[in-house]
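What follows is each chain in one-letter form.
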Amino acid sequence: QVQLVESGGGLVQAGGSLRLSCAASGRTFSSYAMGWFRQAPGKERDFVAAINWSGARTYYADSVKGRFTISRDNAITISRDNAKNTVYLQMNSLKPEDTAVYYCAASVSSDHYTNTRPGAYDYWGQGTQVTVSS
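Notes on the structure follow. What you see is a predicted model, and the numbers here were worked out from it, not measured in a lab. (Residues numbered from 1 in each chain as written. Predicted model: local features only at pLDDT ≥ 70, side-chain atom pairs only at ≥ 80, totals over all residues. Heavy atoms only, no water.)

Examining the overall build of the chain
For clarity, the cut-off: Secondary structure elements follow DSSP: runs of H or I of four or more residues count as helices, runs of E of two or more count as strands, with numbering from the N terminus. When we talk radius of gyration, it's over C-alpha atoms, and the globule rule is simply 2.2 Å times the number of residues to the 0.38.
For the chain, the helix and strand inventory stands at zero helices and eleven strands. Taken from N to C terminus, the helices and strands of the chain fall in the order β-β-β-β-β-β-β-β-β-β-β. Relative to the compact-globule value of 14 Å for 134 residues, the chain shows a C-alpha radius of gyration of 14 Å, a close match. Each principal axis of the C-alpha distribution contributes one length, and for the chain these read about 40 × 30 × 25 Å.

Digging into the side chain of glutamate 6
Rule in force here: Only protein chains enter the area calculation, which uses a 1.4 Å probe; residues under 20% of their type maximum are buried, those over 50% are exposed, and those in between are partly exposed. Asp and Glu are treated as the negative residues and Lys and Arg as the positive ones, with His and the ends of the chain left uncounted. Here a salt bridge means any side-chain nitrogen of Lys or Arg lying within 4 Å of a carboxyl oxygen belonging to Asp or Glu. In protein, a polar contact requires one atom able to donate a hydrogen and another able to accept it; more generally it is a pair of N or O atoms within 3.5 Å, and residues adjacent in sequence count only if both atoms are side-chain atoms. The contact rule is simple, with two residues in contact once any of their heavy atoms fall within 4.5 Å.
Residue position: glutamate 6 is located in strand β1 (residues 4–7). Here glutamate 6 is buried and forms no salt bridge, its nearest opposite-charge partner arginine 45 lying at an N-O distance of 7.5 Å. Separated by 3.0 Å, the side chain of glutamate 6 and the backbone nitrogen of glutamine 126 make a polar contact. When near neighbours in sequence (up to four residues on either side) are disregarded, glutamate 6 contacts Ser21, Cys22, Trp36, Tyr102, Tyr103, Cys104, Gly125, Gln126, Gly127 and Thr128.

A short note on the environment of aspartate 111
Inspection of the secondary structure assignment puts aspartate 111 in the loop between β9 (100–107) and β10 (123–124). Relative accessible area serves as the criterion here: at 53%, aspartate 111 is assigned to the exposed category. When the C-alpha positions of aspartate 111 and isoleucine 51 are compared, they lie 9.2 Å apart, and in sequence the two are 60 residues distant.

A closer look at the sheet that holds strand β3 (residues 18–24)
Let me state the cut-off plainly: Two strands pair if DSSP finds at least two bridges between them. Note on geometry: axes are C-alpha line fits, over the in-contact stretch for helices, and angles between N-to-C directions span 0 to 180 degrees.
The four strands are arranged β1-β3-β8-β7 in an open sheet whose pairing can be described as antiparallel. Either end of the sheet is taken by a strand with one partner, and the two such strands are β1 and β7 (68–73). The average angle at which neighbouring strand axes cross in this sheet is 15°, direction not considered. Relative to β3, β1 is paired through four bridges, and the arrangement is antiparallel. Looking at the pairing, leucine 4 lines up with alanine 24 of β3.

Description of the state of the cysteines
Just so we agree on the cut-off: The definition used for a disulfide is geometric: two cysteine sulfur atoms within 2.5 Å.
Evaluated as defined, the whole model comprises one disulfide. Between cysteine 22 and cysteine 104 runs a disulfide, and the two sulfur atoms are separated by 2.1 Å. Note on the cysteine 22 and cysteine 104 pair: the S-S dihedral is about -75°, so by sign convention the disulfide is left-handed. You can see cysteine 22 sitting in strand β3 and its partner cysteine 104 sitting in strand β9, a full 82 residues away along the chain.

Comments concerning the pattern of salt bridges
Under the definition given, this model contains three salt bridges. Close ionic contact of aspartate 98 with arginine 38 constitutes a salt bridge, the shortest N to O distance being 2.9 Å. Separated by 60 residues along the polypeptide, aspartate 98 in the loop between β8 (86–91) and β9 and arginine 38 in strand β4 (residues 33–39) bring together distant segments of the chain. For the salt bridge of arginine 67 with aspartate 98, the shortest nitrogen-to-oxygen distance reads 2.8 Å. In this pair, arginine 67 is assigned in the loop between β6 (58–60) and β7 and aspartate 98 in the loop between β8 and β9, connecting sequence segments 31 residues apart. We note that arginine 67, like aspartate 98, is buried.

In structure tokens:
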């Protein structure tokens, strides 16, 4: 079982930056693919970015490519004693259309980082609101 807790959302002006964090519990976190999705009011949940188990491979939606960066800290990249089991989403050059609730998700299939369907992910956080004003 994996529990995911997002943080870092808030209100920012267009052109600004935010960094979202997703803290994960569970000893097998480092074997999971991790993703970020977002959902605006009245719209479907859309893929934003994902990262494979080691952090070496990433995948982005076209709408955020060049502006957002996904990364992770886990027992593979740092020592187990200091493992933070956290995934980050650095969001730069934010636009009003980026306004949404952002969700962190985990997939037990480590190669699902290129799968943009929400159904490909097994665990979800509660979401964090990001609002970009014009």
